[in-house]
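A look at the structure
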Amino acid sequence: MHSSANFRGIVFMCLAMAGFSCNDALIKSVTGTMNTGQIMFVRGLLTTLIALALAHHFGALRPIRTILRPVILLRIVMEAVASVTYISALGLLPLANAAAIMQALPLAVTLGAALFLGQPVGWRRWSAIVIGFVGVLIVLRPGPQGFTPAALTVVACVFVTATRDLCTRRIGTNVPSLFITVTTAFVATLVGAALIVPLGGWQPISATSFTHIVGASMLLMLGYQTIVLAMREGDISVIAPFRYTGLLWSITIGIVFFAETPDRWMLAGVAVIIGSGLYTFYRESLRGRPAVAQRAVTSPLE
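Because the structure is a prediction, the values reported are computed rather than measured.

Conventions adopted
Residues numbered from 1 in each chain as written. Predicted model: local features only at pLDDT ≥ 70, side-chain atom pairs only at ≥ 80, totals over all residues. Heavy atoms only, no water. Helix = DSSP H or I, 4+ residues; strand = E, 2+ residues; numbered from the N terminus. Buried < 20%, exposed > 50% of the residue type's maximum accessible area, 1.4 Å probe, protein only. Contact = heavy atoms within 4.5 Å. Polar contact = N/O pair within 3.5 Å; in protein donor to acceptor, adjacent residues only side chain to side chain. Expected span 1.5 Å × (residues − 1). Arc of directions from axis to C-beta. Disulfide = S-S within 2.5 Å. Axes fitted to C-alpha atoms, helices over the stretch in contact; angles between N-to-C directions. Parallel < 35°, antiparallel > 145°, perpendicular 65-115°, else oblique. Nonpolar A, V, L, I, M, F, W, Y, C, P; charged D, E, K, R; others polar. Phe/Tyr/Trp six-rings, centres within 6.5 Å; stacked < 30°, edge-to-face > 60°. Lys NZ or Arg CZ within 6 Å of the ring centre and 35° of its normal.

Brief notes about the environment of S29
- Among the structural elements, S29 can be located in helix α1 (residues 2-30).
- For S29, a relative accessible area of 32% translates into the label partly exposed.
- A sequence separation of 243 residues divides S29 from V272, and the C-alpha atoms of the two residues are 29 Å apart.
- In this structure S29 touches H212 and F258, once residues within four positions along its chain are discounted.
- A distance of 2.5 Å separates a polar atom in the side chain of S29 from the backbone oxygen of L26.

Written as structure tokens, this is what we have:
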């Protein structure tokens, strides 16, 4: 029974990473025809409608005053900021590079949990965190060509998303995840609407672009739900490392659909980040309880 639960958790995690990665690719495909605000508005509106229908069906809706709790409000704000930063960067960076930098998210969550939640972190995991961020620097390639505004925007997105995930940890289980999804998507829609004019105004949406955004919305919902299911099945220390399958999806999609070729610096940095992350998961498994970092979600678009 225990191995079956682990297997289901692994399947859900792989599905979640596939959903998030394909969502990123579809969003990247429309960044040349629409600004970030318009993308957030259209995708957010579609995601809100899908999530609202699901929440109503499963009885997950709650009074609107629920979102006035400080931790929920902060999570919603962080989600909106993460969406703005990540979508903006996707239009300027190779998909695999953006995804590689985001692999540092579990390390950032562990760092935040130690600094702000008082979670004990030993010297081994502190070392893994430092080494992981060295891996990020390798992906960035220190120098004017590496430290571009887009790359630094993804780095900022890592820490914003880590804050979001730490807030999620503090939300009581009496608040359904679908309700949080509905409110988050709705606020992202409003933020997107507010940014349309400052970022260049509304642009006509072709049938192809609209289809891509519809697909992205559906894949986003798939990722939302399967990541929750994954975290509720089996041992997190067994399931969480499969989050890195998302990077395989991003690299493959980048090569096939965007003619992107990962260079040796990016691959070396990815190896360092993943190695430090896996070591962190291993140390948490020895502690005998789930890690905050292992509950982190890959894409800020979630």
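Considering helix α6 (residues 123-140)
- Helix length check: α6, at 18 residues, gives a terminal C-alpha distance of 26 Å against a target of 26 Å (1.5 Å per residue), a fit within 8%.
- Inspection of α6 places R125, A128, I129, G132, F133, G135, V136, V139 and L140 among the buried residues, and these make up the whole buried set. Here the buried residues of α6 occupy an arc of 145° about the axis, which is enough to place them on one side. Structural note: α6 exposes W123 and V130 on the side pointing more than 90 degrees away from its buried face.
- Following α6 by one or two positions, R141 adopts a phi angle in the positive range, close to 55°.

Thoughts on the state of the cysteines
- Under the definition given, this model contains zero disulfides.
- Here C157 is not cross-linked by a disulfide; its sulfur's nearest cysteine counterpart is in C167, at 14 Å.
- We classify C157 as buried; its relative accessible area is 0%.
- Assessed through its relative accessible area of 6%, C167 is described here as buried.

Considerations on the packing of helix α4 (residues 95-102) against helix α11 (residues 245-258)
- The geometry of α4 relative to α11 is characterised by a closest axis approach of 8 Å and an angle of 170° between their N-to-C directions. Taken together, the axes of α4 and α11 are roughly antiparallel relative to one another. Contact residues: α4 offers L95, A96, A99 and A100, while α11 offers L247, S250, I251, I253, G254 and F258.
- Counted by class, the contact of α4 with α11 contains eight nonpolar, two polar and no charged residues.

Remarks on the packing of aromatic side chains
- Within this structure, the stated rule accounts for four aromatic pairs.
- Both rings, one in F133 and one in F159, keep their centres 5.7 Å apart while their planes meet at 15°; by these two values the pair is stacked. Here F159 lies in helix α7 (residues 149-170) and F133 lies in helix α6, a separation of 26 residues in the sequence.
- Its relative accessible area of 37% is what places F159 among the partly exposed residues.
- Considering the side-chain rings of Y279 and Y282, the 6.3 Å spacing of their centres and the 45° angle between planes classify their relative orientation as tilted. On the criterion of helical spacing, the pair formed by Y279 and Y282 is a turn pair, its members being three residues apart in helix α12 (residues 264-287).
- Here K28 stacks its cationic end above the ring of F258, 5.6 Å away from the centre of that ring.

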